[in-house]
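Residue-level listing of the chains:
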Amino acid sequence: MSGKYLVTGGAGYVGSVVARHLLDAGHEVTVLDDLSTGFREAVPAGAAFIEGRVQDAVRWLDGSYDGVLHFAAFSQVGESVVRPEKYWSNNVGGTLALLDAMRAAGVRRLVFSSTAATYGEPVSALLTETDPTAPTSPYGASKLAVDHMITGEAAAHGLAAVSLRYFNVAGAYGSCGERHDPESHLIPLLLQVALGKREAISVFGDDYPTPDGTCVRDYIHVADLAEAHLLALDAATEGRHLICNLGNGNGFSVREVIETVRKVTGHPIPEVAAARRAGDPAVLVASAARAHEALGWQPSRADLAGIVADAWAFARSLEDLDD
């Protein structure tokens, strides 16, 4: 059955792909984004667009909406360390205003874009939702604070909510792909090297206790991620806050990702050795068993080469637009 949904941050990477999936499923979509980090052209055709802040959602949210999918947040870990107030104000304060607006309008279904950064240093190689949460950055702390807020809202006011904790999202879906300024994610940084925009890729540490000495991470295709959000809308239950990890359950090392990008793009991708970064765990891989069980979700695009190929096609399409 079709519904009407507000997608906050729907001009960003993940938000725009989820908005596209909602439209393809026959839903009515309104994107709310202040374009501070998103792109107007990323809003998919067919979605209504409001340029505005999530803090002001009460101006537009009304009882005609069946739910909200919330992506509006700042997400740069490094920036959050030097400007924590920006993250508390937007990520936490903005979500509090959104929850107030939802309560006032009688909109009682929410899917929240959370993150593996809520866990901090992992206590196990395969992270589950019952592992301790001890974020190491204000960004991760702000997302964990929102998870706590949502839990309280569900218990006190009957909100039906699902938080999805992403691991490393990559790839592209149609005309929607990854572009951040500044860029901090490995695959798009490698593609910048392939495009001649960056001389080399820095490898931060090669002496980790992993098969090749570099960090191992779990990569999930953005289209698989988007499908989980639609399933989460169906699984949301009144008065309950469900938290699910989203990942493939398999890890790839930094060197494996570099080699995959070399093969897909045909470019050499020079490397530069660099010191370890503080807070980088050796292995960070998700157990998505709860998402499989509670949402019926199963990723179908786990092949790293396929993820990279989709991201590469999107990166080249942006180059064609600039020419």
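Rules of the game
- Residues numbered from 1 in each chain as written.
- Predicted model: local features only at pLDDT ≥ 70, side-chain atom pairs only at ≥ 80, totals over all residues.
- Heavy atoms only, no water.
- Helix = DSSP H or I, 4+ residues; strand = E, 2+ residues; numbered from the N terminus.
- Expected span 1.5 Å × (residues − 1).
- Contact = heavy atoms within 4.5 Å.
- Phe/Tyr/Trp six-rings, centres within 6.5 Å; stacked < 30°, edge-to-face > 60°.
- Lys NZ or Arg CZ within 6 Å of the ring centre and 35° of its normal.
- Pairing = 2+ DSSP bridges.
- Axes fitted to C-alpha atoms, helices over the stretch in contact; angles between N-to-C directions.

J.: Even after reading the chapter, I still don't get helix 3 (residues 84-105), so can you show me in this structure?
T.: Relative to the 32 Å expected for 22 residues at 1.5 Å per residue, helix 3 spans 31 Å between its end C-alpha atoms, a close match to the ideal helical length. Residues of helix 3 that are buried make contact with strand 1 (4-8), strand 4 (67-70), helix 2 (77-82), strand 5 (109-115) and helix 4 (138-157). Just downstream of helix 3, Gly106 is the residue with a positive phi angle, here 75°.

J.: Teacher, can you tell me more about the packing of aromatic side chains here?
T.: Remark: the centre distance and the inter-plane angle together describe each pair of aromatic rings, the angle taken between the planes. Inspection of every chain in the model, using the stated rule, returns one aromatic pair. Taking NZ or CZ as reference, Lys4 lies 4.4 Å from the ring centre of Tyr65, over its face. Stacked on the ring of Tyr208, the Lys or Arg Arg276 has its end atom at 3.9 Å from the ring centre.

J.: Would you mind going over the sheet that holds strand 7 (residues 160-166) with me for this structure?
T.: Strands in a sheet are paired, the pairing made by backbone hydrogen bonds, and the direction either parallel or antiparallel. The seven strands are arranged 3-2-1-4-5-7-12 in an open sheet whose pairing can be described as parallel. At either end of the open sheet lies a strand with only one pairing partner, and these are strand 3 (48-51) and strand 12 (241-246). Looking at each pair of strands side by side, their axes are set apart by 20° on average, direction ignored. Direction of pairing for strand 7 relative to strand 12: parallel, over a ladder of six bridges. Counterpart to Val162 in the pairing with strand 12 is Leu242. Across the sheet, helix 4 lies against strand 5, strand 7 and strand 12, angled at about 155° from strand 5, the strand it touches most. Together, strand 1, strand 4, strand 5, strand 7 and strand 12 form the strand contacts of helix 6 (residues 222-235), whose direction differs from that of strand 7 by roughly 160°.

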